[in-house]
Every structure is written in structure tokens, then in C-alpha cells.
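# Overview (structure and organization)
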Amino acid sequence: MKESWKLKDILMIAITGVIFGVIFLGATYSGGALSAVLTPAGMSQLGYEPFYGIYFMAGAFGGYVLRKPGAAVISEMLAAIIECLLGNYFGPIIILSGFVQGLGIELVLAIFRYKKYDLKTMMLASVCCSVITMGYNLVISGYSAIAVPVLLLMLVVRIISALLLTACFTKYLADRLAKAGVLRGYAISAGLAVPTEDD
């Protein structure tokens, strides 16, 4: 059954979560530094927006490689848990953020019944994730107090970041790994001419 989970799938989720959890932590501190730089100009809220494309990558990578229901949400949540354990200064609330981020990717993959994984699909998933997480931030993070023009600018920056990093770069990275044979045995490699030991 295509949707059944195997041990190798669980291992891939674990590896994805650990790697991106570390990357997420770096993005968080980078966003904090940029926010501090932008504070004198009254634009500190924009500091994290260029990094949101990074925050969505775990879900995009897990979903794109495994192509199974739940892979995007689980990958994203695990990465958030790892980031939290490593010392993210926002605390456990980022685990909920991870769920919302993964859900944003998962929804689009589910709409296409986990059968369409071209660049357009990944870009649509990135935009969906950007919009859903902005809605989440309005409710949970106090973004409703931010002026509408600034909110719109934040959303635009978030979407651009997601399109470049979550969609384009994540797909490129996963495709290259698959063609190199690193992801042999996973759904992404189905139908690909990957190197063998005799190549």
C-alpha cells in the first residue's frame, strides 16, 4: 500500500527533523539579529519574514521526498521540537507553529491527493503555507496590532521567501539528492534513473 509507513520512512522523518531543527534555530537567531537592526527604522516586525521560507522547508522536504499523508506535518513538527530542545527563545509555542506550518504544506499536497509534485504544486503549497501562518500570527502572535500596510509588506516578503526557499530550493535539493542516489527507495526516486553501484 502506497500510504503505509516503513521503518526507512520514519528514519527519514527523524533525519529531516534533526537537520532542519538545527537550521531553524539558526534562522531564528538570524531573524532576531535582523529585527534588532531594523528597530531604529520602526520595522522590526520585518526581521523574521525573509527567513520564513527556511521555516517551511522541513515540511516541504519531508512531504516531497516521502509523498505520504502526514509527512509534511510530522517533519515540520519534529523539526520544531528539535529547535525547541536546542534552545529556541520562543519556547514550546513553536511546536504549535510547526504544526501550522506543516499543515500549510500538507493541505495543498492533499488537494492533489499526494500525486502531483511539480514546481507549481510546491509553489502553491508555499503560498498557502505563507497565508495560513500569517493568519496564525494574527491570532497568536499579536500581529493584529500591526498596521495593515506593514502586514501586507510582511506577507509579500514571506511569500517571496517561501517561493524561493520552500518551493524552488527545497525541490532542487531533493531532486539532486534523488538523482545522486541518496534517496533511493523513497517515493521521490520512483521512475528516476539513479546511479547504481556499477555506474
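Since this is a predicted model, take the numbers as computed values, not measurements. (Residues numbered from 1 in each chain as written. Predicted model: local features only at pLDDT ≥ 70, side-chain atom pairs only at ≥ 80, totals over all residues. Heavy atoms only, no water.)

## Concerning the UniProt feature "transmembrane region" (unreviewed entry) in the protein
Test applied: UniProt positions are given in the numbering used here, feature names are shortened, and annotations may be inferred rather than shown by experiment. In this description a helix means any DSSP run of H or I spanning at least four residues, a strand means any run of E spanning at least two, and both kinds are numbered starting from the N terminus.
Those places that UniProt annotates as "transmembrane region" (unreviewed entry) correspond, in this numbering, to residues 12-38, 50-66, 96-114, 121-140 and 146-169. A helix fraction of 100% and a strand fraction of 0% characterise residues 121-140, whose end C-alpha atoms lie 28 Å from each other. Secondary structure content for residues 146-169 is 92% helix and 0% strand, while the C-alpha to C-alpha distance between its ends is 30 Å.

## Some points on a nonpolar patch on the surface
Spelled out, the test is: Note that patches include only residues with greater than 30% relative accessible area and no salt bridge, and the join distances are 9 Å for like charges and 5 Å for nonpolar side chains (Val, Leu, Ile, Met, Phe, Trp, Tyr). A 1.4 Å probe and the Shrake-Rupley method give the accessible areas. Residues count as covered only by the protein chains that appear here. A pair is scored as a salt bridge if a Lys or Arg side-chain nitrogen falls within 4 Å of a carboxyl oxygen belonging to Asp or Glu.
A contiguous nonpolar surface patch, about 820 Å² in accessible area, is contributed by Tyr 29, Tyr 89, Phe 90, Ile 93, Leu 96, Phe 99, Leu 138, Val 139 and Ile 140. Taken together, the elements giving at least two residues each to the nonpolar patch come down to α5 (93-111) and α6 (119-140). Summarising the element assignment, Phe 90 is placed in the loop between α4 (71-86) and α5.

## A word on the packing of helix α3 (residues 57-66) against helix α7 (residues 148-179)
Filter applied, for reference: Fitted lines through C-alpha atoms give the axes, limited to the stretch in contact for helices. The angle between two N-to-C directions lies from 0 to 180 degrees. With respect to orientation, any angle under 35 degrees is reported as roughly parallel, any angle over 145 as roughly antiparallel, any angle of 65 to 115 as roughly perpendicular, and every other angle as oblique. Handedness of a helix crossing follows the sense of rotation of the near helix relative to the far helix, less than a right angle counterclockwise being left-handed and clockwise being right-handed. In what follows, a contact means two residues having at least one pair of non-hydrogen atoms within 4.5 Å.
At their nearest, the axes of α3 and α7 sit 9 Å apart, and the two run at 45° to each other. Overall, the two elements α3 and α7 adopt an arrangement that is oblique. Viewed along their axes, α3 and α7 form a crossing whose handedness is right-handed. On α7, the residues touching Met 57, Ala 60, Phe 61, Tyr 64 and Val 65 of α3 are Leu 165, Thr 166, Phe 169, Thr 170, Lys 171, Leu 173, Ala 174, Asp 175 and Leu 177.

## So, the pattern of salt bridges
Counted under the stated rule, the structure contains 3 salt bridges. Measuring nitrogen to oxygen at the nearest pair gives 3.8 Å for the salt bridge that ties Lys 68 to Asp 9. Of this pair, Lys 68 sits in the loop between α3 and α4 while Asp 9 sits in helix α1 (residues 7-38), and the two are 59 residues apart along the sequence. Lys 171 is the partner of Asp 175 in a salt bridge, and the nearest nitrogen-oxygen pair spans 2.8 Å. Highlighted residues: Asp 175 and Lys 171, both in helix α7, separated by 4 residues, approximately one helical turn.

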